[in-house]
Amino acid sequence: MSKVTEYLQSIMTKIEEKNSGESEYLQAIHEFIPTITPFLEKNPAYMEQNILEILLEPERIIQFRVPWQDDQGNWKVNRGFRVQYNSAIGPYKGGLRFHPTVSASVVKFLGFEQIFKNSLTGLPIGGGKGGSDFDPKGKSDNEVMRFCQSFMTELQKYIGPDMDVPAGDIGVGGREIGYLFGAYKRLNGYHTGVLTGKPLSYWGSLVRTEATGYGLVYFVKHLLADQKDSFSGKKVIVSGSGNVAIYAIEKVHELGGKVYTCSDSSGYVYDPDGIDVALLKELKEVKRARLSEYPSARPKATYYAGESVWTSTESYEIALPCATQNEITSELAQNLVTQGVKVVAEGANMPSTLAAVHVYQEHGIQYGPGKAANAGGVAVSALEMAQNSQRLPWTFEQVDQELDKIMATIFETCRDTAKEYAVPGDLLSGANIAGFAKVTQAMISQGLV
Ligand code: GLU
């Protein structure tokens, strides 16, 4: 066994002991650690300095009580989190997720991924993530407002425009960001940069809403262009029906491909004419309705209740998982192979299990991991911070072009790094090595802090 392999195994064992039972977090670490082997082989000084073990330890984890009152006057409580994972290259940056599955393990895995994602954008942002096990689904606007105010009463102690800048994620959209921002402003004054994803009337950025979905499709556009191919005429399968999925579908259609599916936690829609984006926006953004209502406006479409979109028996060329972690198991990945899928690019964070990733690799499916492919959201968040500091809003075209350029650079960085470290075509290793190299160089130059 090589010295590097031995070192990596000893770190993995320690991490497993210290974080036992935290399955999502350990999965993210298991996916990451082996991929940096070629980097450490080539740069043994990084191993001698033990920088990996230091990087793996979050700089700070904050957990707090969030008491709130429902519309009937009942007292309720949820758990709030913020993981400030790494600030070597900039203030902590990353979303807040409100979903019943949120736990220490989930925010830690998301925070860990965020470090490398943010590094790949080329912008000065460190890695963080947070959220709560609060479920905004089925709650009134007033209940969501009271919850957000209580959440921010505690979180505001730890964030600031040059310290930690949260944004949205699953369950946290424009409505929640508005309430969180209002609560922060009341307590601290008008710090425009303290959250991103803000509404346009108070220093939000154009394209932020579309950014993760558009960025995902730009990433795949550059990957296809590298092989002299394009989206034109491509059949695409998408999961999810939130912000990421909606704008990914919109952009695929704009570039000449067709998306046939979308999903929510209760089932999926197959529309033989291609998903009607205007209808999807009306259902999800305006009515906050379930996807099961889609076929009543599009009679040719079918809603498959209780089924995963990844069981679809149609054929597709590109898969864009945009729902949530671990939605694609190895069995479902096998189904993608059967469907004829050649490219999988992740709009969600860690939607493929490790076994699913192995299936992609064995069958030569090109795989764009979330930390590269979905970095467009946080990239435009950083552009929102830049606009806030300048006190100047940029035009839609300006932000959109910048986003496209950033996604091209991310793709090229992953491709070229993979080539440099003798794993050509392995964009996962490329993303991990490039992110790790940049962040650890910054850490080493700042000394043992
Ligand atoms: N939650 C998004 C992500 O997973 C965006 C984070 C941000 O804009 O700070 O990257």
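Undergrad: Where do I start with the side chain of Q114 in this structure?
TA: By the secondary structure assignment, Q114 is in helix 6 (residues 104–120). Apart from the residues lying within four places of it in its own chain, the contact partners of Q114 are K93, G94, G127, G128, K129 and V378.

Undergrad: Explanation requested: the environment of K342 in the structure shown.
TA: Inspection of the secondary structure puts K342 in the loop between helix 13 (330–339) and strand 12 (343–345). The spacing of K342 and Y316 is 26 residues in sequence and 8.4 Å in space, taken between C-alpha atoms. Leave out the neighbours within four places in its chain, and K342 touches E317, I365 and Q366.

Undergrad: Could you clarify how one ought to interpret the sheet that holds strand 4 (residues 126–132) in this entry?
TA: Strands pair in a sheet through their backbones, by hydrogen bonds, and they do so in one of two ways: parallel or antiparallel. What the five strands build is an open sheet, ordered 1-2-4-3-5; its pairing is mixed. A strand with exactly one partner marks an edge of an open sheet, and here the two such strands are strand 1 (60–69) and strand 5 (164–167). When strand polarity is set aside, the average angle formed by the axes of neighbouring strands in this sheet is 20°. Its contacts with the sheet place helix 6 against strand 1, strand 2 (75–86), strand 3 (92–98) and strand 4, and it is angled at close to 150° to strand 4.

Undergrad: Explain empty space enclosed by the protein to me, please; I cannot follow it from the model alone.
TA: Which parts of space are left empty comes out when a probe the size of a water molecule is rolled across the atoms. The tally for this structure, following the rule as stated, stands at one cavity of 30 Å³ or more. Within this model, the largest cavity holds a volume of roughly 90 Å³. As for the largest cavity, its lining consists of 14 residues, of which E31, M350, S352, V357 and Y367 are closest to the centre. At the level of elements, helix 2 (23–32), helix 14 (354–362) and helix 15 (370–373) are the ones that each hand at least two residues to the lining of the largest cavity. If you tally residues by element for the lining of the largest cavity, the top one is helix 2, at three residues.

Undergrad: Would you take a moment to explain the pattern of salt bridges for this structure?
TA: Two side chains with opposite charge may pair up if their charged atoms get near one another. Evaluated as defined, the whole model comprises 24 salt bridges. Across the salt bridge formed by E154 and K157, the nearest N and O atoms sit 2.9 Å from each other. Taking relative accessible area as the criterion, K157 reaches 51% and is therefore assigned exposed. Several salt bridges converge on common partners, so that one network encompasses E31, E113 and K371.

Conventions and cut-offs
Residues numbered from 1 in each chain as written. Predicted model: local features only at pLDDT ≥ 70, side-chain atom pairs only at ≥ 80, totals over all residues. Heavy atoms only, no water. Helix = DSSP H or I, 4+ residues; strand = E, 2+ residues; numbered from the N terminus. Contact = heavy atoms within 4.5 Å. Pairing = 2+ DSSP bridges. Axes fitted to C-alpha atoms, helices over the stretch in contact; angles between N-to-C directions. 1 Å grid on protein atoms, 1.4 Å probe; cavity = no way out; pocket = protein on both sides within 12 Å on 5 of 7 lines; lining within 4 Å. Points joined across faces, edges and corners; volume = space filled by probe spheres on them. Salt bridge = Lys/Arg side-chain N within 4 Å of Asp/Glu carboxyl O. Buried < 20%, exposed > 50% of the residue type's maximum accessible area, 1.4 Å probe, protein only.

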